[in-house]
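Remarks on the overall topology
One-letter residues, chain by chain:
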Amino acid sequence: KVTHHKMSEKELKQNFISILSKGAKSNTYKFALARFLLDYTIQFESNYIKNKILNNEKEFVSYQDIANAFLRYYWHQECRYRVRQNYDAEKPPSVISIIRNVFEKKYIPDPFEKMPKFKIEKAQIEIKKRVFGKESNKTSQVVPRFQNIKDGNSTKRKQIFYDYDDEKGRLEIKPEALKFFHDNHTFLMKSVILEWSKFLEKINTLPRLIAKIESAEIKRNSIRKYVKIFKDFKSCFYCNKSLDETEIDVDHFIPWSYIFEDEAWNLVLACRKCNLRKSDSLTNLDFCNELIKRNINHYKEIENLRISLLKLHVNQDKWEQEIKHHYTICKEYGFSVVNLP
């Protein structure tokens, strides 16, 4: 049923927040579509939107454009951070299956822009076909279902923000919705990311989810200062080779793409060879025990280490538990284990 009544900004806001926080969701597509609507509309000048309102003209957006945006939103969450997007780990959403099939590798350190063009295009076409097909194909219901609004105990489909045309493969954003998305971009985007991360927290135990959803590129700080902080450790944490004879690297014992922070309790000095071999992986549990031992034996003389461990937990008897918990969960997320040395 199409509603012809033009809604006020307040009503639009209430409905948008209701879609994000109250609507039924089996995966995160609704959040991705909400994010797209905001990203798409922010590009326009105010005059362009004014003219659309004056002429009561809709803004047409092709399903292919939305599919391309979905690939960008999900690519780094899957290829960098392994964020699960639905409850059933055996049956991931189509977007995730497509990314896995096309890009193959479990972890990709390079940015999305460096991916082969043919792979990007293949994934874009496949996402369009499987996620934005015709409603009658039951391929994906995200476009029609996005505007299902909770009304008491029932749900009503209200085409408040857009109409859509499956034959032409496009969304038709209403002019008042265009203005609403454009003018409230910052507030609405914060709501989208917050609700997306709240949904994912029920499925994932990954640290720093909001940062992982928001951006593919997180500016990493230099960790070279830890060479000095750990200067009394003279041999590689993994192979025991003397660090006087080799280039010294600082390694995140639990991979950075899981832990997402540079905390001293998780950093070790390693030779270049071991660091390159380990890369974005875990290593055997024996080393996890060694790390715990190192932290407990040396926190008194290394101030950075002491502060870092206090952030992990104020009680010393919990440090071992916390570190092993991170190690176990990281392993469960599919991070590979490389046997070193």
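In this report, we go over the structure that sits alongside the text. (Residues numbered from 1 in each chain as written. Predicted model: local features only at pLDDT ≥ 70, side-chain atom pairs only at ≥ 80, totals over all residues. Heavy atoms only, no water.)

What about the sheet that holds strand β5 (residues 170-173)?
- The three strands are arranged β1-β5-β4 in an open sheet whose pairing can be described as antiparallel. Pairing within the sheet leaves two strands with one partner each, and these edge strands are β1 (59-62) and β4 (162-165). Pairwise comparison of adjacent strand axes, ignoring direction, gives a mean angle of 25° for this sheet.
- Judged from the four bridges that link them, β1 and β5 form a sheet pairing that is antiparallel. For Val 61, the partnering residue across the bridge sits in β5 and is Leu 171.
- In the packing of helix α4 (residues 63-79) onto the sheet, the strands contacted are β1, β4 and β5, and the crossing angle to β1 comes to about 60°. (Pairing = 2+ DSSP bridges. Helix = DSSP H or I, 4+ residues; strand = E, 2+ residues; numbered from the N terminus. Axes fitted to C-alpha atoms, helices over the stretch in contact; angles between N-to-C directions. Contact = heavy atoms within 4.5 Å.)

A few points about the packing of aromatic side chains
- According to the stated counting rule, one finds 32 aromatic pairs in the structure shown.
- Between Phe 44 and Tyr 48, the ring centres sit 4.5 Å apart and the planes meet at 15°, which makes this aromatic pair stacked.
- The exposure class of Tyr 48 is partly exposed, given its relative accessible area of 33%.
- For the ring pair Phe 70 and Tyr 74, a centre distance of 5.9 Å and an interplane angle of 55° mean the geometry is tilted. (Phe/Tyr/Trp six-rings, centres within 6.5 Å; stacked < 30°, edge-to-face > 60°. Buried < 20%, exposed > 50% of the residue type's maximum accessible area, 1.4 Å probe, protein only.)

A look at helix α14 (residues 285-298)
- End to end, α14 covers 20 Å across 14 residues, agreeing with the expected 20 Å (1.5 Å per residue, within 8%).
- Taken as a whole, α14 has its buried residues at Phe 287, Cys 288, Leu 291, Ile 292, Arg 294 and Asn 295. Seen from one end, α14 has its buried residues packed into an arc of 160°, which puts them on one side.
- In the core, the buried residues of α14 are packed alongside β7 (267-271), β8 (282-283), α15 (303-312) and α16 (319-332). (Expected span 1.5 Å × (residues − 1). Arc of directions from axis to C-beta.)

A short note on the packing of helix α1 (residues 9-22) against helix α8 (residues 175-183)
- Here α1 crosses α8 at 75°, and the two axes come no closer than 11 Å. It follows from the interaxial angle that α1 and α8 lie roughly perpendicular. Across from Glu 9, Leu 12, Lys 13 and Phe 16 in α1, the residues of α8 making contact are Glu 176, Phe 180 and Phe 181. (Parallel < 35°, antiparallel > 145°, perpendicular 65-115°, else oblique.)

Things to note about unusual backbone geometry
- Between Leu 340 and Pro 341 the backbone carries a cis peptide bond, its omega angle lying at -5°.
- Structurally, Pro 341 is set in the segment after β9 (337-338).
- For Arg 208, which is not glycine, the phi dihedral falls at a positive 50°.
- Topologically, Arg 208 is positioned in the loop between α9 (185-201) and α10 (209-214).
- We classify Arg 208 as partly exposed; its relative accessible area is 43%.
- For Asn 240, which is not glycine, the phi dihedral falls at a positive 70°.

From the geometry alone we can't say anything about function, so treat these as descriptive.
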